[in-house]
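Below are the chains, spelled out letter by letter.
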Amino acid sequence: MNFNPTRRFARATSRAAGIAVLSSFVLGVSATISASQTTAPVQAAAVHPEIWPKLQSGVPDDPAIDARAADILSKMTVEEKVGQIIQADVTTVKAADVRTYHLGSILDGGSSGPYGNDRAPASDWLKEADEFWHAAMDNLEPGHVPIPIIWGSDSVHGNSNIIGATIFPHNVGLGAMRDPALVHKIGEITAIETAIVGQDWTFSPTIAVARDDRWGRTYESYSESPDVVRAYAGEMVKGIQGEPGTPDFLRNGHIIATAKHYLGDGGTENGKDQGDSLASEEQLRDIHSAGYQSAIEAGVQTVMVSFSSWQGQHMSGNRALLEDVLRGRFGFNGFTVSDWNAHAQLPGCSTTNCAAALLAGIDMYMAPDSWKGLYQNTLAEVKSGAIPMGRLDEAVARILRVKVRAGVFEAGPPSARVYAGKWDQLSSPEHRAVARQAVRESLVLLKNDHQLLPLKPRLNVLVAGDGADNMSKQTGGWTISWQGTGNSRADFPRAQTIYEGIAEQVKAAGGNAVLSVDGHFGAKPDVAIVVFGENPYAEFMGDRHDVAFEPGDPRDLQLLRSLKSQGVPVVAVFLSGRPLYVTREINVADAFVAAWLPGSEGGGIADLLFRKPDNSIQYDFRGKLSFSWPRSANQTPLNVGDPNYNPLFPFGYGLDYAHPLDIGQLPEAPEGELVAANDDQYLLRGHAAAPWRLVATEAGSRMVYAENLPVTVAAGTLALSRADHLTQEDTLVARWSGSAMAGVGVTGPAIDLTRQTNGDMELKFDLKVDAPPTARVFLTAGCGAKCAGSVDISSLLRAAASSGWTSVSLRLSCLKNAGLNVSATMTPFAIYTSGQLGLSLTDVRLAQGEGPATCPAAPQT
């Protein structure tokens, strides 16, 4: 029987008192929430294929290739056919499984890697690629047709999965370059560095047209403008795959490209990842399909279908857009692949059973951890006739044609191919030079009053801010790990941080560069360069309620103001995956540079900030905004061409040295607009992060909002205060006396954590155990007494008691399994005990699951 927290309370005090504690936390004072409702199925919006442009693939149909694919297909068993349309994640499949189930493809998803290690050396990636290839090809059963497996990987800004690879700026920065030729070069290098480690397929480029910057994947979009996306999509595809019709097409280091995510993922309502686009069919055509048109004309061989919906219908089930438009009008002749278990979102489907996606036009299921059950059920449905053999044959033939075009039947094992194992090509000087050029061209100069820039290099330069010497912050999400978190400087052996690039140039010219993250200095510097911005995120973890930059954390603004107040000229370098409201920061700085997420080559920033040693200009700024910059935190959506378009900086804006301009003081939005809701940060530097409120309670008493500390709850059971850890009053200190059950946590508006739970995210506590627990300690979350989940974390805290400051994590799935309704969570965390306990807490947040996925053992009742 699972642990029931109310029964535990009955033993600690009384059943009624225990229920009161739980209810006061998860219900809140006067808080109400409506029951979850299931929306009735929405009738699919009509699609009118005749209004879509008639196009032709850059790779025309070839009768010889079609005949070869048909011949292979004719010799396949139904089991082999079903295997070809299934893609499994590398962490859930063995080489023997490939042979047994005849799998057509594998992938490495975010934070996946060979032999279960996403930080494996490059040689391990190639080694396991060989093992999978041999498993697919070495089966000598009579009548078996050996079909090479293909390995797909998210090489979305370089082969960013591999330690030591070249990491290019994310697409949001590339869009500011307005340089399709350089994008083509980046595609070529990405393909080579992916082929080096044995992969022959990349899930790139993302050609979404992001229309609401609250979307957590905005940085994967080149622009809000379909024209910019159209200009880039085809060139990136040709860089990755090669020019159609030439001997190098899908050969000699060129690999299979993917246009994603079809269709309209950048246009969902409120910028919600995996959400619903309410665009008209004309908007879907004219805005969101622009990149697909040029990608198909460039010969892209695969299209990944979006998680998102259009007017209520999931794209994975929209046959009209998949077949009538994508194939019938656009002339796409490769194969489609679904996103990560996206088929399970279709009505009547699950991760292991979904004929509807195949029937709608999905050719290959991405079934990372559900592949075996999906294989078995799909096979049964084909044999029963629920899935027509003709549709299965069509999907397999499409996959086979791409494999034949790509030459994988003749290429031999991955280690035998042209670039395989050429480790010196990973982040080679030539590749890094292209990435550094991309950094230079992507930077947008928003402000340069009194022509502070470019700086003379023979200066005493202070480099400050938490982004200055921070590879994770400058590379962003989808870098080694899914969220781009958990990385260290050692994971980027050939890269250069922004500080390192500045120091190299300044010291070479006879100046002095000092790193001081918090901005403190001895001798007064001639200038301060402050590097700050967003922390790494990916997908839905980056979704926002508005576009305010860190409204609950004024640390960066305070740093800028402190330096200015001491008479130090300030250059601000802002790292972000989208434009954000930073007008206060811009006003404080003398110069302000939007640097986006520049990747591994931080030296490219120094190239623009500093003159040559002879004081001549090295490079001028050429970056122009490909996204409009907001003048307030709630000014979104904001796109060029909108009615009443009034951004702070318009689409296409960007200063340069050749045309100096002082912009002066900019209008700042009212302070009240800077209170942002958030789903993933609950405690920030010891304070409740908006919209959450710190609360405390004792059994039998009402909940108390504990915003003005110190405070003692009821009869002294729980005392809350603040202390200093890294900065002043950045720590919440909680002391339980053990006289009764009591707890502390946060409460706020109901949020939906379904995606975060499905994404295996975890609650992460940065804490110090000052006094180990003398009784069981419970972590709870919920939306009321009947929808709460409670887990015993006593063992986690006891283990941390001797570690000083450390992190303790618990998977959201553990709380869900314990009863939490993750779709309507009002209390994301509360900690309570009837014993003695001392805790110091700084941050409580959602994070990528990095620790063991096992849950603490549930106590028996």
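In this text, all values refer to a predicted model and were calculated from it rather than measured experimentally.

The rules we used
- Residues numbered from 1 in each chain as written.
- Predicted model: local features only at pLDDT ≥ 70, side-chain atom pairs only at ≥ 80, totals over all residues.
- Heavy atoms only, no water.
- Helix = DSSP H or I, 4+ residues; strand = E, 2+ residues; numbered from the N terminus.
- Rg over C-alpha atoms; globule rule 2.2 N^0.38 Å.
- Buried < 20%, exposed > 50% of the residue type's maximum accessible area, 1.4 Å probe, protein only.
- Expected span 1.5 Å × (residues − 1).
- Contact = heavy atoms within 4.5 Å.
- Phe/Tyr/Trp six-rings, centres within 6.5 Å; stacked < 30°, edge-to-face > 60°.
- Lys NZ or Arg CZ within 6 Å of the ring centre and 35° of its normal.
- Pairing = 2+ DSSP bridges.
- pLDDT = per-residue confidence, 0-100.
- Axes fitted to C-alpha atoms, helices over the stretch in contact; angles between N-to-C directions.
- Core = buried A, V, L, I, M, F, W, Y, C linked by side-chain atoms within 4.5 Å.
- Arc of directions from axis to C-beta.
- Disulfide = S-S within 2.5 Å.
- Parallel < 35°, antiparallel > 145°, perpendicular 65-115°, else oblique.
- Left-handed = near helix turned anticlockwise from the far one by under 90°.
- Nonpolar A, V, L, I, M, F, W, Y, C, P; charged D, E, K, R; others polar.
- Salt bridge = Lys/Arg side-chain N within 4 Å of Asp/Glu carboxyl O.
- 1 Å grid on protein atoms, 1.4 Å probe; cavity = no way out; pocket = protein on both sides within 12 Å on 5 of 7 lines; lining within 4 Å.
- Points joined across faces, edges and corners; volume = space filled by probe spheres on them.

A.B. asks: Residues and numbers for the overall build of the chain, please.
C.D. replies: Helix and strand content of the chain: 25 helices and 31 strands. The C-alpha radius of gyration computed for the chain amounts to 28 Å, which stays within 12% of the reference 29 Å derived for 861 residues, consistent with globular compactness. Projected onto the principal axes, the alpha-carbon positions of the chain cover approximately 85 × 75 × 50 Å. Looking at the chain residue by residue over its 861 residues, the buried ones come to 62%.

A.B. asks: Account for helix H8 (residues 180-195), with residues named and values stated.
C.D. replies: For H8, built from 16 residues, the straight-helix expectation of 22 Å at 1.5 Å per residue is met to within 8% by its first-to-last C-alpha distance of 23 Å. Most of H8 is tucked away, with 12 of its 16 residues classed as buried. Among all positions of H8, only Leu182, Val183, His184, Ile186, Gly187, Ile189, Thr190, Ala191, Ile192, Glu193, Thr194 and Ala195 are buried. Looking at the buried residues of H8, the elements they touch are helix H7 (171-177), helix H9 (226-241) and helix H17 (429-442).

A.B. asks: Go over the packing of aromatic side chains with me, naming the residues and quoting the values.
C.D. replies: This structure, assessed with the given rule, holds 23 aromatic pairs. Taken together, a centroid distance of 6.4 Å and an interplanar angle of 80 degrees make the contact between phenylalanine 532 and phenylalanine 592 edge-to-face. Taken together, the residues phenylalanine 532 in strand S15 (residues 527-533) and phenylalanine 592 in strand S17 (residues 591-596) connect sequence positions 60 residues apart. Among the residues examined, phenylalanine 532 registers a relative accessible area of 0% and is labelled buried. Residue classification places phenylalanine 592 among the buried residues on the basis of a relative accessible area of 0%. Here a set of aromatic residues connected by ring pairs shows up, and it is made of Phe532, Phe549, Phe574, Phe592, Trp596 and Trp629. Stacked on the ring of phenylalanine 409, the Lys or Arg arginine 68 has its end atom at 5.1 Å from the ring centre.

A.B. asks: So what's going on with the sheet that holds strand S20 (residues 693-698)? Which residues, and what values?
C.D. replies: Pairing is antiparallel in the open sheet, where 6 strands are placed in the order S21-S20-S25-S30-S27-S28. Bordering the open sheet on either side are strand S21 (704-705) and strand S28 (789-792), each of which pairs with just one other strand. Here strand S27 (residues 777-782) pairs with strand S30 (residues 827-833) via 5 bridges, running antiparallel. Residue valine 777 lies in a different strand from S30, and its bridge partner there is threonine 833.

A.B. asks: Explain the confidence of the model for the chain residue by residue, including any values.
C.D. replies: Mean pLDDT over the chain stands at 91; residues scoring 70 or higher make up 92%. Note that pLDDT drops below 50 for residues 1-24; the model gives that stretch 53 contacts with residues more than four away or on any other chain. Between residues 26-41, whose pLDDT stays under 50, and residues either more than four places distant or in other chains, the model counts 24 contacts.

A.B. asks: Now, about the sheet that holds strand S11 (residues 365-366): what can you tell me, with residues and values included?
C.D. replies: Through backbone hydrogen bonds, the strands of a sheet pair up, either in parallel or in antiparallel fashion. Pairing is parallel across the open sheet formed by 5 strands, whose spatial order is S4-S3-S2-S1-S11. Each edge of the open sheet is held by one strand with a lone partner, namely strand S4 (201-202) and S11. Of the strands in this sheet, strand S1 (86-89) and S11 are in contact with helix H14 (residues 371-384), which crosses S1 at around 165 degrees.

A.B. asks: Explain the nonpolar core to me, and be specific about the residues and the numbers.
C.D. replies: Nonpolar side chains in soluble globular proteins generally cluster together in the buried interior. Formed by 122 residues in total, the largest nonpolar core has its most connected members in Ile85, Leu103, Tyr222, Tyr262, Leu321 and Leu400. It is helix H15 (residues 389-405) that contributes the most residues to this core, 8 residues altogether. In this structure tyrosine 262 touches Tyr292, Val303, Met304, Val305, Ser306, Met315, Leu321, Leu322, Val325 and Leu326, once residues within four positions along its chain are discounted. Counting 121 residues, the second largest nonpolar core, distinct from the first, contains Phe592, Tyr653, Val746 and Val791.

A.B. asks: Go over the environment of glycine 782, please, and point to the residues and values.
C.D. replies: Position of glycine 782 among the secondary structure elements: in strand S27. Of the residues examined, glycine 782 reaches a relative accessible area of 0% and is grouped as buried. Distance from glycine 782 to serine 823, taken between C-alpha atoms, is 9.7 Å for residues 41 residues apart in sequence.

A.B. asks: Kindly report on unusual backbone geometry, identifying the contributing residues and their values.
C.D. replies: Going from lysine 260 to histidine 261, the amide bond is cis rather than trans, its omega being -5 degrees. Locating histidine 261 in the fold gives a position in strand S5 (residues 258-262). Phi at histidine 102 takes a positive value of approximately 55 degrees, unusual for a residue other than glycine. Topologically, histidine 102 is positioned in the loop between helix H5 (95-101) and strand S2 (105-108).

A.B. asks: Give a detailed account of helix H3 (residues 63-74), specifying residues and quantitative values.
C.D. replies: With 12 residues, H3 extends 16 Å between its outermost C-alpha atoms, agreeing within 8% with the 16 Å of an ideal straight helix rising 1.5 Å per residue. For H3, every residue scored as buried is listed here: Ile65, Ala69, Ile72 and Leu73. The buried residues of H3 occupy one face: seen down the axis, they fall within an arc of 100 degrees. Opposite the packed face of H3, turned more than 90 degrees from it, sit the exposed residues Pro63, Ala64 and Ser74. Of the surrounding elements, those touching the buried residues of H3 are helix H4 (78-84), H15 and helix H16 (408-411).

A.B. asks: How would you explain the pairing of S1 if you had to name every residue and give the values?
C.D. replies: Side chains of S1 alternate between two faces, with Ile86 and Ala88 and Gln87 and Asp89 buried alike. Where S1 meets S11, 2 bridges bridge the pair, whose relative direction is parallel. Bridging across to S11, isoleucine 86 finds its partner in tyrosine 365. Bridge count for S1 against S2 is 3 bridges, and the pairing is parallel. Paired with glutamine 87 across the bridge in S2 is serine 105.

A.B. asks: Requested: an account of the state of the cysteines, with residues and values cited.
C.D. replies: Taken as a whole and assessed by the stated rule, the structure comprises 3 disulfides. The disulfide partner of cysteine 349 is cysteine 354, and the gap between their sulfur atoms is 2.2 Å. Measuring handedness by torsion sign, the sulfur bridge of cysteine 349 and cysteine 354 sits at about 65 degrees and is right-handed. In this structure, cysteine 349 and cysteine 354 share a single accessibility class: buried. Paired by a disulfide, cysteine 783 and cysteine 787 hold their sulfur atoms 2.0 Å apart. As far as burial versus exposure is concerned, cysteine 783 and cysteine 787 are alike and both buried. If one numbers only the bonded cysteines of the chain, in the order they occur, the disulfide pattern is 1-2, 3-4, 5-6.

A.B. asks: Go over the side chain of lysine 81 with me, naming the residues and quoting the values.
C.D. replies: Within the fold, lysine 81 resides in helix H4. What makes lysine 81 buried here is its relative accessible area of 9%.

A.B. asks: Pulling in residues and values, what's your account of the packing of H3 against H15?
C.D. replies: Contact geometry of H3 with H15 gives a least axis separation of 9 Å together with a crossing angle of 125 degrees. Considering the angle they form, H3 stands oblique to H15. Considering the relative orientation of H3 and H15, their crossing is right-handed. In contact with Ile65, Asp66, Arg68, Ala69, Ile72 and Leu73 of H3, H15 contributes Asp393, Val396, Ala397, Leu400, Arg401, Val404 and Arg405. For the contact of H3 with H15, the per-class residue count stands at 8 nonpolar, no polar and 5 charged.

A.B. asks: Describe the pattern of salt bridges, listing the residues and the values that go with them.
C.D. replies: Using the criterion set out here, one finds 38 salt bridges in the structure. One salt bridge connects aspartate 61 with arginine 405, and the closest N-O pair in it is separated by 3.9 Å. Here arginine 405 lies in helix H15 and aspartate 61 lies in the loop between helix H2 (15-27) and H3, a separation of 344 residues in the sequence. Looking at arginine 405, the relative accessible area reads 6%, which means it is buried. Across the pair aspartate 212 and arginine 214 runs a salt bridge, and its minimum N-O distance is 2.7 Å. Overall, the relative accessible area of 12% leaves arginine 214 in the buried class. One salt-bridge network, in which partners are shared between bridges, spans Glu323, Arg327, Asp363, Arg391, Glu394 and Arg398.

A.B. asks: Just give me the short version of empty space enclosed by the protein, but keep the residues and values in it.
C.D. replies: Tallying each qualifying case throughout the model produces 10 cavities of 30 Å³ or more. Counted as a void, the largest cavity has a volume near 100 Å³. Along its surface, the largest cavity is lined by 13 residues, and Gln84, His102, Ala136, His144 and Ile147 are the ones closest to its centre. Of all the secondary-structure elements, those providing two or more residues to the lining of the largest cavity are H4, H5 and helix H6 (122-137). Taken together, the residues that form the lining of the largest cavity break down as 7 nonpolar, 4 polar and 2 charged.

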